[in-house]
Amino acid sequence: MKNLILIAMITFLGFSAQAQTKKNKNLKYTTEVNGNCEQCKKRIEKAAFSVPGVKSATWDISSHQLAVILNEEKSSPEDLNKAVAKVGHDTKDVKATEADYENLHSCCKYVRE
């Protein structure tokens, strides 16, 4: 009888742990990305789409907001921020390296904080 109770408890705990790790397949994520122009927009959106699981990516020039829908089973918001920073654009959470920033076209160089 004790073994039956133990098996039932282990099974229950296994199911509850599995339910807590479920990832969102359509996470709506918005972050601020520094940039200036249409060329920046194309570069930022291209970098976002290079991340596995990104379904939609739109960067607004005036507000500097990147709105993305991504599948968390394939990538995370951190992966997205790193990809955008790698092409030279600072995000709210990840800053581009100096070398990546310097590779930007002169019209795309924004004032860094």
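Note that the structure is predicted; figures quoted are calculated from it, not measured.

Definitions and limits used
Residues numbered from 1 in each chain as written. Predicted model: local features only at pLDDT ≥ 70, side-chain atom pairs only at ≥ 80, totals over all residues. Heavy atoms only, no water. Helix = DSSP H or I, 4+ residues; strand = E, 2+ residues; numbered from the N terminus. Buried < 20%, exposed > 50% of the residue type's maximum accessible area, 1.4 Å probe, protein only. Areas by Shrake-Rupley, 256 points an atom, 1.4 Å probe, with all protein chains shown as cover. Pairing = 2+ DSSP bridges. Core = buried A, V, L, I, M, F, W, Y, C linked by side-chain atoms within 4.5 Å. Contact = heavy atoms within 4.5 Å. Axes fitted to C-alpha atoms, helices over the stretch in contact; angles between N-to-C directions. Salt bridge = Lys/Arg side-chain N within 4 Å of Asp/Glu carboxyl O.

S.K.: Explain the overall build of the chain here, please?
M.R.: Scanning the chain for helices and strands turns up four helices and three strands. Out of the 113 residues in the chain, the part that is buried amounts to 35%. Of the roughly 7,400 Å² of accessible surface on the chain, 57% is carried by carbon and sulfur atoms.

S.K.: Whenever I open this one, the pairing of strand β1 (residues 27-32) confuses me. Can you help?
M.R.: The two faces of the sheet receive side chains in turn, since in a regular strand these alternate between them. Only one face of β1 is buried, namely the one carrying Leu 27, Tyr 29 and Thr 31, since none of Lys 28, Thr 30 and Glu 32 on the opposite face is buried. Bridge count between β1 and strand β3 (residues 65-70): six bridges; the pairing is antiparallel. In the sheet register, Thr 30 faces β3, and the bridge partner there is Ala 67.

S.K.: Sorry if this is basic, but what is going on with unusual backbone geometry here?
M.R.: The phi angle of most residues is negative, glycine excepted, and most peptide bonds adopt the trans form. Although it is not a glycine, His 64 sits at a positive phi angle of roughly 65°. Inspection of the secondary structure assignment puts His 64 in the loop between β2 (54-59) and β3. Here His 64 falls in the partly exposed class, since its relative accessible area comes to 21%.

S.K.: Looking at this structure, I do not really get the nonpolar core. What am I missing?
M.R.: A general tendency of soluble globular proteins is for nonpolar side chains to be buried together. Residues Ile 44, Val 54, Leu 66, Val 68 and Leu 80 are the most contacted members of the largest nonpolar core, which totals 22 residues. For this core, the elements supplying multiple residues, two or more each, are β1, α2 (38-49), β2, β3 and α3 (77-86). Looking at this core element by element, the count peaks at four residues for α2. Ignoring sequence-local partners within four residues, the contact set of Ile 44 consists of Val 33, Asn 34, Trp 59, Leu 66, Val 84 and His 89.

S.K.: What am I meant to see in the sheet that holds β3 here?
M.R.: Across a sheet, paired strands are connected by hydrogen bonds in the backbone, their directions being either parallel or antiparallel. The strand order across the open sheet built from three strands is β1-β3-β2, with neighbouring strands paired in antiparallel fashion. Looking at strand neighbours, the two that pair on one side only are β1 and β2, the edges of this open sheet. Pairwise comparison of adjacent strand axes, ignoring direction, gives a mean angle of 15° for this sheet. The strands that α2 touches are β2 and β3; relative to β2, the one it contacts most, it runs at about 160°.

S.K.: Explain the pattern of salt bridges to me, please; I cannot follow it from the model alone.
M.R.: A side chain of one charge can pair with a side chain of the opposite charge when the charged atoms of the two come close. Counted under the stated rule, the structure contains six salt bridges. The partner of Lys 82 in a salt bridge is Glu 78, and the shortest N-O contact between them spans 3.1 Å. Here Lys 82 pairs with Glu 78, and both are found in helix α3, just four residues apart, close to one helical turn. For Glu 78, a relative accessible area of 47% corresponds to the partly exposed category. Across the pair Asp 90 and Arg 112 runs a salt bridge, and its minimum N-O distance is 2.8 Å. In this pair, Asp 90 sits in the loop between α3 and α4 (98-102) while Arg 112 sits in the segment after α4, placing the two residues 22 residues apart along the sequence. We classify Arg 112 as partly exposed; its relative accessible area is 26%. Shared partners join several salt bridges into a network, and the residues in it are Asp 90, Glu 98 and Arg 112.

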